[in-house]
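# Observations on the model geometry
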Number of protein chains: 2
Amino acid sequence: MTTLLRNIGELVTNDPSRGDRYGIVSNAAIEFDEGVVLWAGTDSEARERPEYDRGIDCEGRAVIPGFVDSHTHLVFAGDRSHEFEARMAGTAYSAGGIATTVSATRAASDDQLRALLAERVTEARAQGTTTIEIKTGYGLTVEHEERLARIAREFTDHVTFLGAHVVPAEFVGREDEYVELVEGPMLDAVAPKVSAVDVFCEDGAFTVDQCRRILQAARARGLRTHIHAAQLGTSDSVRMALEKGVASVDHGTYLTDDDVAALAGSDAVLTLLPGADFSTRQPYPDARRLLDAGVTVALATNCNPGSSFTQSMAFCIAIAVREMGMTPREALWSATMGGALSLGDTRIGKLAVGSRAHLVELDAPNHIHLAYRPGMNLVRTVWA
Amino acid sequence: MTTLLRNIGELVTNDPSRGDRYGIVSNAAIEFDEGVVLWAGTDSEARERPEYDRGIDCEGRAVIPGFVDSHTHLVFAGDRSHEFEARMAGTAYSAGGIATTVSATRAASDDQLRALLAERVTEARAQGTTTIEIKTGYGLTVEHEERLARIAREFTDHVTFLGAHVVPAEFVGREDEYVELVEGPMLDAVAPKVSAVDVFCEDGAFTVDQCRRILQAARARGLRTHIHAAQLGTSDSVRMALEKGVASVDHGTYLTDDDVAALAGSDAVLTLLPGADFSTRQPYPDARRLLDAGVTVALATNCNPGSSFTQSMAFCIAIAVREMGMTPREALWSATMGGALSLGDTRIGKLAVGSRAHLVELDAPNHIHLAYRPGMNLVRTVWA
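Worth saying up front: this structure is predicted, and the values here are computed from it rather than measured.

Cut-offs applied
Residues numbered from 1 in each chain as written. Chains lettered and ligands numbered in written order. Predicted model: local features only at pLDDT ≥ 70, side-chain atom pairs only at ≥ 80, totals over all residues. Heavy atoms only, no water. Helix = DSSP H or I, 4+ residues; strand = E, 2+ residues; numbered from the N terminus. Rg over C-alpha atoms; globule rule 2.2 N^0.38 Å. Buried < 20%, exposed > 50% of the residue type's maximum accessible area, 1.4 Å probe, protein only. Contact = heavy atoms within 4.5 Å. Domains from an automatic or database assignment. Buried area = accessible area lost by both parts, 1.4 Å probe. Polar contact = N/O pair within 3.5 Å; in protein donor to acceptor, adjacent residues only side chain to side chain. Salt bridge = Lys/Arg side-chain N within 4 Å of Asp/Glu carboxyl O. Pairing = 2+ DSSP bridges. Axes fitted to C-alpha atoms, helices over the stretch in contact; angles between N-to-C directions. Least-squares fit on C-alpha atoms with pLDDT ≥ 70 in both.

Each helix and strand in chain A was counted, giving 14 helices and 15 strands. The C-alpha radius of gyration of chain A comes to 21 Å, within 12% of the 21 Å expected for a compact globule of 384 residues. Oriented by its inertia axes, the alpha-carbon framework of chain A measures out at about 70 × 45 × 45 Å. Buried positions account for 61% of the 384 residues belonging to chain A. Restricting the contact set of chain A to residue pairs at least 6 apart, pairs at least 24 apart contribute 69%.

Further remarks concern the domain arrangement of chain A. Accessible area lost on assembly of the parts is the figure often given for the size of an interface. Residue and element names in this part refer to chain A. What the domain assignment reports for chain A is domain 1 (3-66 + 349-383) and domain 2 (67-343). One C-alpha centre belongs to domain 1, the other to domain 2, and the line joining them spans 30 Å. Between domain 1 and domain 2, the contact holds 22 residues from the first and 20 residues from the second. Both sides of the domain 1 and domain 2 interface together cover about 1900 Å² of buried area, and 68% of this is carbon and sulfur. Where domain 1 packs against domain 2, one counts two residue pairs in polar contact (both at pLDDT 80 or more).

Attention shifts here to the interface of chain B and chain A. In this complex, chain B contributes 37 residues to the contact, which on the side of chain A involves 37 residues. Around 3700 Å² of area is buried between chain B and chain A when both sides are counted, 58% of it from carbon and sulfur atoms. Of all residues in chain B, the largest losses of buried area upon contact with chain A belong to B:Phe309, B:Arg322 and B:Tyr372, amounting jointly to 22% of the total for that side. Residue B:Arg373 pairs with A:Glu123 through a salt bridge whose shortest N-O separation is 3.3 Å.

Before going further, it helps to spend a moment on the sheet that holds strand β12 (residues 269-272) of chain A. Residues and elements named next belong to chain A. If you walk across this open sheet you meet the eight strands as β6-β7-β8-β9-β10-β11-β12-β13, and the pairing is parallel. Each edge of the open sheet carries a strand with a single partner, namely β6 (67-69) and β13 (296-299). Neighbour-to-neighbour, the strand axes of the sheet open up by a mean angle of 25°, direction not taken into account. Here strand β9 (residues 196-200) runs beside strand β10 (residues 224-229); their pairing, made up of five bridges, is parallel. Looking across to β10, one finds that Phe200 is bridged to His228.

The next thing to look at is the relation of the copies chain B and chain A. With an RMSD of 0.0 Å, the operation that places chain B on chain A is a rotation of 180° combined with a shift of 0.0 Å along the axis. What the superposition gives is, in effect, a two-fold axis relating one chain to the other. Residue B:Gly375 of chain B places its C-alpha closer to the rotation axis than any other residue of that unit, at 2.3 Å. Of the interface residues in chain B, 100% have counterparts in chain A that sit at the interface too, so the contact is made through matching surfaces.

Residues and elements named next belong to chain A. Along the chain, Val353 falls in the loop between α13 (328-343) and β14 (359-362). What makes Val353 exposed here is its relative accessible area of 60%. Put simply, Val353 and His82 are 271 residues apart on the chain and 48 Å apart in space, counted from C-alpha to C-alpha. For Val353, the contacting residues outside a window of four places in its chain are Val37, Leu38 and Trp39.

Looking now at the pattern of salt bridges. Taken as a whole and judged by the stated rule, the model has 59 salt bridges over all chains. Note that A:Asp198 is salt-bridged to A:Lys135, the shortest N-O span being 2.8 Å. Here the residue A:Asp198 occupies a position in strand β9, and A:Lys135 occupies one in strand β7 (residues 129-135), the gap between them amounting to 63 residues. Like A:Lys135, A:Asp198 is buried. Here B:Asp111 ties to B:Arg114 by a salt bridge, and the two come within 2.8 Å at their closest N and O atoms. Here B:Arg114 and B:Asp111 lie together in helix α4 (residues 110-126), a separation of three residues that amounts to about one turn.

Given below as structure tokens:
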């Protein structure tokens, strides 16, 4: 069945063949079937396309590509709201951070995790997210990481193995042994379920050398790679990761000028995670500096129970515009095409002919409203 | 018909008879009829209350008082998203600010304004707002201010006359003549529809002397009064307003120590408007300083098309916690009881026996999630 959306106030295509990278068409129309965009153009051109099954009048509202949330830790159990409350009050809180979630997640049944994940994916979808990446990383044993990958795989094609999230309590003092487990048996177990491998390279997590080993093991299997880096301080992590050909460097709060130049000269995406900076009171990275240097920037929610419990890509856009120096159109591009580039899927993040028909109609006349109306969910209809 | 909500994970009552001003009950229950809270207590106590018509299991979710949004400019027409985009990019934008909205609002028919307002009130309600104040201020003639008050009155009992919003173009150079119009014929025309009068006391709007005259005229009619003050700089406005007995001072970004002491020694509420600070990149007021000095603080959205186009009280809570030094419970109190005190309605903002039955069930186990899950609408059910 083909659908023609007519009378679109503003259609954001991200199709560079329309003049610039945003490819915005005013007074637009777009036609698609269940899977694929068939045609896009102006509303007056659409009058010459009579052969569609269903016509919908968008009454001047905007249509954008569905959001691509390329960085989430969505499969977990337990509640850490009191840790958040203590952090915001600046008081000590003795709970164990990620380890708290690892314990709760290990203790949950498959069905409990499946129900929690289903609810969170539904919430994300209602906020306009049509592609979502989900990381493991709250299992940290062969059995539990495999289980998280398997359950996540029921909800998305984009599952990422993050065995190197934190060193589990039982391996403290034997970190290299844990790394051997991650790059060996754990990777063996999860490989059939995942499309990528991520590592958390930071003081208190994994060293640059440990991360290099894991990224090498992942590449040897033909998996895409990502890195959490430069969130808490500068290090050699970004340079190492680019040498190893990562698809994305995520966080990037503390980047040297050399890091920025190296990112700009690479095929890698720098993924900004405004929700995490918001909920941890970290300084906001300067997206303007990155964009002006030619770095490809993605925006993602980093949805997780410790540092960023939101699935709202619109909220991330609003923060990126308020705090990081992005324009609304840059932020929207990063939340769609930026994520698609990070995930390596060339058929999403845009609405060109042949793209996947992942469309979001907004209760707004243009995309600026995503930042202009903070805290509001403007998503009216999702087609995907 | 009486309803008993059982198995509430956390019930926030704001009832000081329960120990502190927040009156939080864990594992709680609450009974109400269509209008009034009949009883609240623990879930085990509820087992001894068999005489209700309808029982609902909240499955451990939190229940809070409905939000009281005590400061909005909700009745307007027109779109100013491009002005927002330009401001965020730091570029000049030649449109006329409030005057743009005045023109669009005057040009709209009653039915158009009614439809726009109905949509916005519905959005607010879906975000958990059960009481909303609506200001006039985009008419600025006797006829148009009366019209806005009349239409707003169809949606709320809390309509505020804001003829002194900005000097309309036709009175530039004759500001005092406009003030005479506001305090005389315009106030006469709107008085039957409104419960309060507000003035915008700031460079570029109205002087302290002009505002004093209007506040006096309002008090002479027995109307409550409010003031927009100290948003852009310090002045005598706060002291003058407190001398005139205002119910609230709104904004308060630039307060002297004397202002803070005077507020703490008064019955007035200081209303913080995080959405406006967010969307104009103003510095965030220090709520901690106010609370520690003993000032009564309210939070409201200031929903308007120029500086804060959001109806999300939860977003305002999240910003107040991230940026203003409030705890989640302080922010929730300010978003409920604080607003009720500003509006002078003693039966809302709390869930004590005899309070209005305005309740919101959250998709969350406790109120902390309002700040912990930024950008998400956690409202599951609204009773009002």
